[in-house]
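Single-letter residue listing:
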Amino acid sequence: MDDPSILQFFRPQGLLPAAIVLGVAWFLARLTEGAFERAGTRFTEYRLTLHQTKAILRLMLWLGGLAAAVSLVFQLSDEALLALGGTLAVAIGIALRDLVASIIAGITILIDKPFQVGDRISYGGVYGEVIEIGLRAVRLVTLDDNLVTIPNNKFLTDIVSSGNAGALDMLVQMDFFIGIDQSLPRATRIVREALASSRFTYLKKPWNIVVSEVQQNDFVAVRLRAKVYVVDVRYEKALETDVTERVLEAFSREGVGAPAVLHRSVA
């Protein structure tokens with residue numbers, strides 16, 4: 001007797017119901033995504049948790065829809081399961097190896113949580129906010145509004161860093177340079193006041209200013225490195241802009257000069 005072929009268990013009449021099931025799964029996934037997006041906008045303090053729950057529910061809906069569609073298209077008797085198992089094992093091993101690896105990696109990411117939806121992460125020179133952890137890939141939006149898609153399985157072997165690790169606030173680092181002949185106490189006070197007065201600063205967490213002498217190209221300068229938490233990761237660049245404007249304006253007003261090689265000569 002010939003080995004059972006997968007085609008003999010194929011049910012053409014199940015294609016339409018399977019398409020309907022997949023359409024329902026897609027509709028429910030979009031409906032869930034919209035509901036959680038609106039909830040995250042309304043309840044800001046729970047935004048990251050809601051986004052993580054949305055990602056898990058969407059994954060479950062798609063997996064359930066795919067399983068139901070397969071059961072409608074194929075007659076899943078014991079013999080069919082045996083045939084499908086052998087045939088799909090070969091197909092998965094050859095044609096769908098990377099896709100299956102990405103799906104398993106996506107489930108691993110959702111369970112292990114090296115990062116989650118809403119986190120700011122750095123991977124392979126790309127920095128942005130995670131907006132989706134899907135069946136196949138993670139999608140990031142960079143700070144210049146580019147959409148970057150990265151296969152899930154890449155995150156199982158490569159290094160990825162998360163700036164906020166599931167929290168709304170995140171540490172932000174800003175550097176300011178002054179000449180070595182300038183007033184360090186005055187410059188430090190200006191940076192400190194700019195940090196404390198910005199509406200984007202999260203003052204409930206500790207912040208500080210690290211001072212060091214650095215050499216860059218042909219000049220020596222004093223670097224004031226401000227380390228402060230932003231109240232919400234979405235305001236990261238707003239915080240940098242606000243603090244930088246305050247510092248530069250105060251430096252100019254109070255006569256704190258930049259390193260000499262930039263625009264002036266040391267007397």
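To be clear, the structure that these remarks concern was listed above.
The shown structure was predicted, so the numbers you read here are calculated from the model rather than taken from an experiment.

Visitor: Mind showing me how you'd approach the overall build of the protein here?
Guide: Of the regular secondary structure elements, the protein holds eight helices and eight strands. When each of the 267 residues of the protein is scored for burial, the buried share is 35%. Sequence-distant contacts in the protein: of pairs separated by 6 or more residues, those separated by 24 or more amount to 68%. A total of about 15,400 Å² of accessible surface is found on the protein, and carbon and sulfur atoms cover 58% of it.

Visitor: Before we go on, may I ask you to explain the packing of aromatic side chains in this structure?
Guide: For any pair of aromatic rings, the description consists of the separation of the ring centres together with the inter-plane angle of the planes. Using the criterion set out here, one finds three aromatic pairs in the structure. Seen in terms of ring centroids, Phe115 and Phe155 are 5.0 Å apart; in terms of plane orientation they differ by 65°. Their pairing is edge-to-face. In this pair, Phe115 sits in the loop between helix H4 (97-112) and strand E1 (120-123) while Phe155 sits in helix H5 (residues 154-157), placing the two residues 40 residues apart along the sequence. Judged by relative accessible area, which is 1%, Phe115 ranks as buried. Given a relative accessible area of 8%, Phe155 falls into the buried group. Their ring planes at 45° and their centres at 5.5 Å tell us that Phe200 and Tyr235 sit as a pair that is tilted. Taken together, the positions of Phe200 in the loop between helix H6 (184-197) and strand E7 (208-216) and Tyr235 in the loop between strand E8 (219-230) and helix H7 (236-253) put the pair 35 residues apart, joining distant regions of the chain. A relative accessible area of 10% means that Phe200 is categorised as buried. On the basis of relative accessibility, which here comes to 39%, the residue Tyr235 falls in the partly exposed class. One aromatic cluster is present, formed by Phe115, Tyr123 and Phe155 through successive ring pairs.

Visitor: How should helix H1 (residues 15-42) be read in this particular structure?
Guide: Taking 1.5 Å of rise per residue, the 28 residues of H1 would be expected to cover 40 Å, and the 41 Å separating its terminal C-alpha atoms lies within 8% of that figure. Taken together, the buried positions of H1 are Ala18, Ala25, Ala29, Thr32, Phe36 and Gly40.

Visitor: Mind showing me how you'd approach the sheet that holds E1 here?
Guide: Adjacent strands of a sheet form backbone hydrogen bonds with each other and so pair up, either parallel or antiparallel. Ordered in space as E4-E3-E2-E1-E5, the five strands form an open sheet in which the pairing is antiparallel. Both outer strands of the open sheet, strand E4 (147-151) and strand E5 (161-162), are each paired with one neighbouring strand and no more. Sheet analysis places strand E3 (residues 137-142) next to E4, joined by five bridges and oriented antiparallel. Across the sheet, residue Val141 finds its bridge partner in E4, namely Leu147.

Visitor: Would you take a moment to explain H7 for this structure?
Guide: Quick reminder: α-helices carry 3.6 residues per turn. Residues three or four places apart thus point the same way. Across its 18 residues, H7 extends 26 Å between first and last C-alpha, which sits within 8% of the 26 Å expected from 1.5 Å per residue. Looking only at H7, the buried set comprises Glu236, Leu239, Glu240, Asp242, Val243, Val247, Ala250 and Phe251. Of the surrounding elements, those touching the buried residues of H7 are E1, strand E2 (126-133), strand E6 (170-179), H6 and E8. Two residues or fewer after H7 comes Gly255, characterised by a positive phi angle close to 75°.

Visitor: Just checking my understanding: could you explain the side chain of Thr142 for this structure?
Guide: Take Thr142: it is sitting in strand E3. Exposure remark for Thr142: the relative accessible area of 12% places this residue in the buried category. A distance of 2.3 Å separates a polar atom in the side chain of Thr142 from a polar atom in the side chain of Asp144. Apart from residues no more than four positions distant in its own chain, Thr142 is found in contact with Val126, Tyr127, Gly128 and Val148.

Visitor: Could you clarify how one ought to interpret the nonpolar core in this entry?
Guide: Generally speaking, soluble globular proteins have nonpolar side chains that are buried together. By size, the foremost hydrophobic cluster in this structure holds 24 residues, and its most contacted members are Val191 and Phe251. Among the elements of the structure, E6, H6, E8 and H7 are those that each provide at least two residues to this core. Ignoring sequence-local partners within four residues, the contact set of Phe251 consists of Phe176, Ile178, Ala187, Ile190, Val191 and Val256. With 14 residues, the next largest nonpolar core counts Leu110, Ile121, Leu140 and Ile150 among its residues.

Visitor: In this structure, what is going on with the sheet that holds E6? I would like to understand it.
Guide: Reading across from one edge, E6-E8-E7 is the order of the three strands in this open sheet, with antiparallel pairing throughout. Either end of the sheet is taken by a strand with one partner, and the two such strands are E6 and E7. Looking at each pair of strands side by side, their axes are set apart by 25° on average, direction ignored. By the bridge criterion, nine bridges tie E7 to E8 in an arrangement that is antiparallel. When the sheet's bridge partners are listed, Gln216 is paired in E8 with Phe219. Across the sheet, H6 touches E6, E7 and E8, and the angle it forms with E8 is around 25°.

Calculation notes
- The residue numbers shown here count from 1 along each chain, following its written sequence.
- The predicted nature of this model means local features are confined to residues of pLDDT at least 70 and side-chain atom pairs, given and counted, to a pLDDT of 80 or more, with totals for whole chains, interfaces and linings taken over all residues.
- Side-chain numbers here rest on the full set of heavy atoms in the structure, without hydrogens or water.
- In this text, helices come from DSSP runs of H or I with a minimum length of four residues, and strands from runs of E with a minimum of two, each type numbered from the N-terminal end.
- Summary of the burial criterion: residues with accessible area below 20% of their type's maximum are buried, those above 50% are exposed, and those between are partly exposed, where the area comes from a 1.4 Å probe applied to protein chains only.
- In what follows, a contact means two residues having at least one pair of non-hydrogen atoms within 4.5 Å.
- Throughout, the Shrake-Rupley method with a 1.4 Å probe supplies accessible areas, and for residues the shown protein chains are the sole cover considered.
- Pairing of aromatic side chains here covers Phe, Tyr and the six-membered ring of Trp, requires ring centres within 6.5 Å, and sorts the geometry by plane angle: under 30 degrees stacked, over 60 edge-to-face, intermediate tilted.
- A helix's residues, less one, multiplied by 1.5 Å, set its expected span.
- Strand pairing is assigned whenever DSSP detects at least two bridges linking the two strands.
- The definition of a polar contact used here is a pair of N or O atoms within 3.5 Å, where within protein one atom must be able to donate a hydrogen and the other to accept one, and adjacent residues in sequence count solely through side-chain atom pairs.
- Only buried residues count toward a nonpolar core, which is a set of Ala, Val, Leu, Ile, Met, Phe, Trp, Tyr and Cys residues joined through side-chain atoms within 4.5 Å.
- Interaxial angle, 0 to 180 degrees, is taken between N-to-C directions of lines fitted to C-alpha atoms, where a helix line uses only the stretch in contact.

Nothing here speaks to function; it is all geometry.
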